[in-house]
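# Commentary on secondary and tertiary structure
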Amino acid sequence: MSQVGETTARALLRRLAVEQAECRVPSLTAAIVREGRLAWFGARGFTGPGADGGPPPTDGTQYRLGSITKSMVAVVVMRLRDEGRLDLLDPLAKHLPGTPFGEVSIAQLLSHTAGLTAEPPTGWWERTPGLPPDQLLALLGPQHAKHRPGRRFHYSNIGYGLLGELIARLRGMPWLRAVQQEVLQPLGLSATTERPRAPHATGYAVHPWADVVLAEPEHDHAAMGPAGQLWSTTADLARWAAFVAGDTGGVLSPATLAEMREPATVDDGDAWTSGYGLGLQLTRHAGRRLAGHTGSMPGFLATVWADPADQVGVLFLANTTSGLSYTLTTDLLDILDEHEPRLPQQWRPSSADPALLALTGLWHWGPKPYGLRLLPDGGLALTPVGGAGRASRFVPQDDGTWLGLDGYYAGETLRVGADHLDINTFVFTREPYDPQAPVPGGVTDWHA
């Protein structure tokens, strides 16, 4: 098992202990995951019930995941897409006819851009027993569409209730069984369940002006279950963090998981630090691009983040309704970076196709110089000399062309000519406006 050093472990535990004491959290667990393994676990407090506070938490103590459930539901939806059972651009009515939101797309539901109301038109759904899908659907009407689809990010629990019913219709089984069979069991998340099982923490609300607690209720939320039903443990959530970081265990292709981590919308305007992909929350912190999800249900808070570039994850689970600082997870990452910064992989030479080597070097788009570099995985990287400009990576295709992976040329095709590169009519030449290459614009001579 990958472990952190003693000094690092002490610093991580102190940050956890400060959070539990100053925020008055009945119990709190946290973990660091590195390269797919649990590297550090810490816990403080007592899980209740009982006058003595109950036993202290372990990495096998269950807590409510809340909205982290949504990410697991989204994985099943993406599997259906990869099987050809649906398209992300499909309107909901194609698979779930009769809803008043038939025009919204599957992708918009996944990314909370469908414009739907945040909560179902029932009592406080998180603290009351749920309704079956047919009864919930019967309560929904046009008045529950709050924004034009695609206009903006508007978090919608009801949207994930609809996705759960979508899964049930296409799989012919309840959403929970599909998540169990297709996500939990393959990843070995055997301690992640629909309802609590021992040992589990009791969910508490802590009085704002006194050191007393109130036990929160727990129910089967039925049709709203996909929005936040599941319970899990630190050990299971650590495996989930490794999944989000890229260790898919065959549940999804790496390309599909990367698609889920792409920003579909932002949550905080122009200089975004937080956003949402397809079932995954996104945030940027100290140079990291993190993907994961927060979770909140009466009596419980949870968060899991993963950095695919660094193969590191961080998480916490707590049995309190409110009051926790959501900077806890990033603070733990900062402590890890301070005490045990990740070392880069050692550079090693690799073999290369001579024909590809001949392509590398300086190219020009008009007068602007670009460098073409051969990557270790056999791809190409086209980057402007001097930093400013359109940069993209490309991967080879079976027909001899190259597909853009990111940047301005994402999804575009690069074709290699005898004396030029053509990216969707943008021609790059060895010399600026080389008259021997097919450069549009008619430049034939340079002069003072």
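These remarks concern the structure in this document. (Residues numbered from 1 in each chain as written. Predicted model: local features only at pLDDT ≥ 70, side-chain atom pairs only at ≥ 80, totals over all residues. Heavy atoms only, no water.)

Okay, the environment of Thr 265 next. Locating Thr 265 in the fold gives a position in strand E7 (residues 265-266). Spatially, the C-alpha atom of Thr 265 lies 33 Å from that of Gln 345, the residues being 80 residues apart in sequence. (Helix = DSSP H or I, 4+ residues; strand = E, 2+ residues; numbered from the N terminus.)

Taken as a whole, this structure holds 11 aromatic pairs when the rule is applied. Taking the centre distance of 5.1 Å and the plane angle of 20° together, the rings of Trp 365 and Phe 426 count as stacked. One end of the pair, Trp 365, is in strand E13 (residues 361-365); the other, Phe 426, is in strand E20 (residues 426-429), with 61 residues separating them in the sequence. On the numbers, 5.2 Å between centres and 90° between planes, the contact of Tyr 408 with Tyr 409 is edge-to-face. A relative accessible area of 3% means that Tyr 409 is categorised as buried. Put simply, the rings of Trp 365, Phe 394, Tyr 408, Tyr 409 and Phe 426 touch in pairs and so form one group of aromatic residues. Over the aromatic face of Trp 124 sits the side chain of Arg 127, whose NZ or CZ is 5.4 Å from the ring centroid. Positioned above the aromatic ring of Tyr 408 is the side chain of Arg 390, whose terminal nitrogen or guanidinium carbon lies 3.7 Å from the ring centre. (Phe/Tyr/Trp six-rings, centres within 6.5 Å; stacked < 30°, edge-to-face > 60°. Buried < 20%, exposed > 50% of the residue type's maximum accessible area, 1.4 Å probe, protein only. Lys NZ or Arg CZ within 6 Å of the ring centre and 35° of its normal.)

A pair of packed helices is characterised by two quantities: the angle between their axes and the separation of those axes. Where helix H2 (residues 68-82) contacts helix H6 (residues 157-171), the axes come no closer than 10 Å and their chain directions differ by 40°. The pairing of H2 with H6 is recorded here as oblique in orientation. Considering how the two elements wind past one another, H2 and H6 form a crossing that is left-handed. Here Lys 70, Val 73, Ala 74, Val 76, Val 77, Arg 79 and Leu 80 of H2 come into contact with H6, specifically with Asn 157, Tyr 160, Leu 163, Ile 167, Leu 170 and Arg 171. (Axes fitted to C-alpha atoms, helices over the stretch in contact; angles between N-to-C directions. Parallel < 35°, antiparallel > 145°, perpendicular 65-115°, else oblique. Left-handed = near helix turned anticlockwise from the far one by under 90°. Contact = heavy atoms within 4.5 Å.)

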